[in-house]
Amino acid sequence: MTSLLVTNIGELVTWDDERPVIRDAALVVEHGHVTWVGDRTAGPDADAVRDVGGAAVIPGFVDSHTHLVFAGDRAAEFEARMSGRPYEAGGIRTTVAATRAATDEQLAANVARHLAQMRAQGTTTVEIKSGYGLTVRDEARSLAIARQATEETTFLGAHVVPEGTEVVAYVDLVTGAMLEACAPYARWIDVFCEEGAFGADEARTVLEAGIAAGLQARVHANQLGPGPGIQVAAEVGAAAADHCTFLDDADVAALADSGVVAGLLPGVEFSTRSPYPDARRLIDAGVTIALATDCNPGSSYTSSMPFCIALAVREMGMTPLEALWSATRGGAFSLRRDDVGHLAVGARADLVVLDAPSHVHLAYRPGVPLATPLTT
Ligand SMILES: [Zn+2]
């Protein structure tokens with residue numbers, strides 16, 4: 001089989017400039033890519049035909065921010081937090097200890113289990129960070145495991161300063177031997193720029209070292225309070241600044257002017273019972289937004305992009321269409337990818353069929369398993 005006509009699509013979301021959403025549509029896939037898009041009645045002949053019975057078809061979700069290489073969970077911490085105790089960045093250390101103690105096979109099995117759960121909910125592109133090893137050996141093996149699952153791997157040795165280490169000495173390690181061991185397995189360099197983690201100067205040092213080693217930058221910024229993360233991201237030309245929960249006007253202007261994508265991760269605010277970022281303010285300022293899960297065992301243990309879309313619509317002032325754009329095309333921009341996150345001609349054929357007539361149902365029916373990747 002060389003060509004497949006997918007037809008009787010009730011609503012097709014392509015994000016093509018001309019016709020971003022087509023009703024009563026069809027689409028042709030050849031050799032893993034979209035080669036034709038248009039009205040059902042104009043669908044060309046193909047070697048095979050798949051009738052989706054009026055369902056909506058959307059691009060697969062691009063989850064541009066996850067921390068899937070870890071062992072253990074932190075259900076007890078979540079339970080305590082839901083009983084009134086605040087989240088502190090130091091909780092990461094619990095996962096670091098469990099991750100160091102796990103074998104490569106255990107870590108890889110955990111990644112595979114989460115990826116299968118993500119795919120079953122419509123995610124077809126995933127970024128995975130290290131950051132629970134914090135030694136040369138454990139960061140490098142974390143990235144080697146992540147690289148088996150995705151090209152979009154991120155070295156996050158600068159996640160938190162390990163216990164018993166001075167920050168200056170640790171930054172030296174991250175930008176020295178650790179970077180050298182990790183760079184072959186990574187596309188991205190990231191830093192947790194936050195009070196209690198890494199300050200502006202340290203973040204800049206880490207990112208610049210990564211860039212010098214051939215990696216591209218992304219930043220954890222302004223999650224727990226106001227801070228310099230956004231400005232650092234703009235200065236170094238990062239692809240994305242993720243979290244963006246506490247922004248002042250200068251931060252919003254810096255994102256808009258620099259083109260740094262703002263990654264919003266509403267699973268975190270949900271799971272830590274914190275105020276959500278103001279997506280409306282960012283959209284109105286012209287900032288590009290990506291929605292992602294931040295899937296990790298501490299602050300956001302969800303791998304569901306539809307859940308994040310529902311939160312973005314209900315809690316962050318996004319329309320259902322804006323939230324879907326940010327979960328697909330926005331995620332692709334965050335990863336500097338133009339082959340995924342859309343279904344215009346030339347895109348990778350990452351089609352997701354919804355058990356629903358329109359994308360609105362993703363937010364309208366939260367928690368219902370509607371999204372399934374189409375096997376072509
Ligand atoms: Zn994160």
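Shown above is the structure to which this text applies.
About the thresholds
- Residues numbered from 1 in each chain as written.
- Predicted model: local features only at pLDDT ≥ 70, side-chain atom pairs only at ≥ 80, totals over all residues.
- Heavy atoms only, no water.
- Donors = N, O, S within 2.8 Å, 3.2 Å for Na, K, Ca; no water.
- Tetrahedral: all angles 85-135°; square planar, octahedral: opposite > 155°, others 65-115°.
- Pairing = 2+ DSSP bridges.
- Helix = DSSP H or I, 4+ residues; strand = E, 2+ residues; numbered from the N terminus.
- Buried < 20%, exposed > 50% of the residue type's maximum accessible area, 1.4 Å probe, protein only.
- 1 Å grid on protein atoms, 1.4 Å probe; cavity = no way out; pocket = protein on both sides within 12 Å on 5 of 7 lines; lining within 4 Å.
- Points joined across faces, edges and corners; volume = space filled by probe spheres on them.
- Contact = heavy atoms within 4.5 Å.
- Expected span 1.5 Å × (residues − 1).
- Bend = angle between axes of the 7 residues up to and from the residue.
- Axes fitted to C-alpha atoms, helices over the stretch in contact; angles between N-to-C directions.
- Parallel < 35°, antiparallel > 145°, perpendicular 65-115°, else oblique.
- Left-handed = near helix turned anticlockwise from the far one by under 90°.
- Nonpolar A, V, L, I, M, F, W, Y, C, P; charged D, E, K, R; others polar.

Some points on the coordination of the zinc ion
Six octahedral donors around a metal ideally make angles of 90 or 180 degrees; four tetrahedral donors ideally make 109.5 degrees. Distances from the zinc ion to its protein donors, H65 (NE2), H67 (NE2), H220 (NE2) and D294 (OD), fall at 2.0 to 2.4 Å. Bound by 4 donor atoms, the zinc ion shows angles of 82 to 171° at the metal and therefore irregular coordination geometry.

A short note on the sheet that holds strand 10 (residues 188-193)
Pairing within the open sheet is parallel, and its 7 strands lie in the order 8-9-10-11-12-13-14. At either end of the open sheet lies a strand with only one pairing partner, and these are strand 8 (128-129) and strand 14 (289-291). One ladder, built from 3 bridges, connects strand 12 (residues 240-243) with strand 13 (residues 261-264); its direction is parallel. Bridge assignment links A241 to a residue of strand 13, and that residue is A262.

Quick notes on the pairing of strand 15 (residues 351-354)
The side-chain alternation of strand 15 yields two buried faces, one formed by L351 and V353 and the other by V352 and L354. In this structure, strand 15 lies alongside strand 16 (residues 371-373), joined through 3 bridges in antiparallel fashion. Within the sheet, the bridge partner assigned to V353 lies in strand 16 and is T372.

Some details on the layout of surface pockets
The volume enclosed by the largest pocket comes to roughly 240 Å³. Residue lining of the largest pocket: 13 residues in total, with T124, T125, V126, A149 and R348 positioned closest to the centre. Elements with a contribution of two residues or more to the lining of the largest pocket: helix 3 (104-119) and strand 7 (123-126).

Comments concerning the environment of R19
With respect to the helices and strands, the residue R19 is situated in the loop between strand 1 (3-13) and strand 2 (21-30). With a relative accessible area of 37%, R19 lands in the partly exposed category. Between the alpha carbons of R19 and A344 there is a distance of 9.2 Å; along the sequence they are 325 residues apart. Leaving out residues up to four positions away in the same chain, R19 has contacts with T14, G38 and D39.

Things to note about helix 12 (residues 320-334)
Its 15 residues place the ends of helix 12 20 Å apart at the C-alpha level, agreeing with the 21 Å of an ideal helix rising 1.5 Å per residue. At S326, helix 12 is deflected by roughly 40°, the largest bend along its length. The positive-phi residue at the C-terminal boundary of helix 12 is R336, with phi of around 55°.

Examining the packing of helix 6 (residues 200-212) against helix 7 (residues 229-236)
At a minimum axis separation of 10 Å, helix 6 and helix 7 run at an interaxial angle of 30°. When the interaxial angle is binned, helix 6 and helix 7 end up roughly parallel. Classified by chirality, the crossing of helix 7 by helix 6 is right-handed. Listed contacts from helix 7 to A200, A203, R204, L207, E208 and I211 of helix 6 are V232, E235 and V236. Of the residues assigned to the contact of helix 6 with helix 7, the class counts are 6 nonpolar, no polar and 3 charged.

Side note on unusual backbone geometry
Positive phi is not limited to glycine here, since N8 has a value of about 60°. On the secondary structure map, N8 appears in strand 1. Here the phi dihedral of D294 falls at roughly 60°; this positive angle occurs in a residue that is not glycine. Of note, D294 is situated in the loop between strand 14 and helix 11 (305-315). Taking the relative accessible area as the measure of exposure, D294 reaches 1% and is therefore buried.

Any link to function would need more than the numbers given here.
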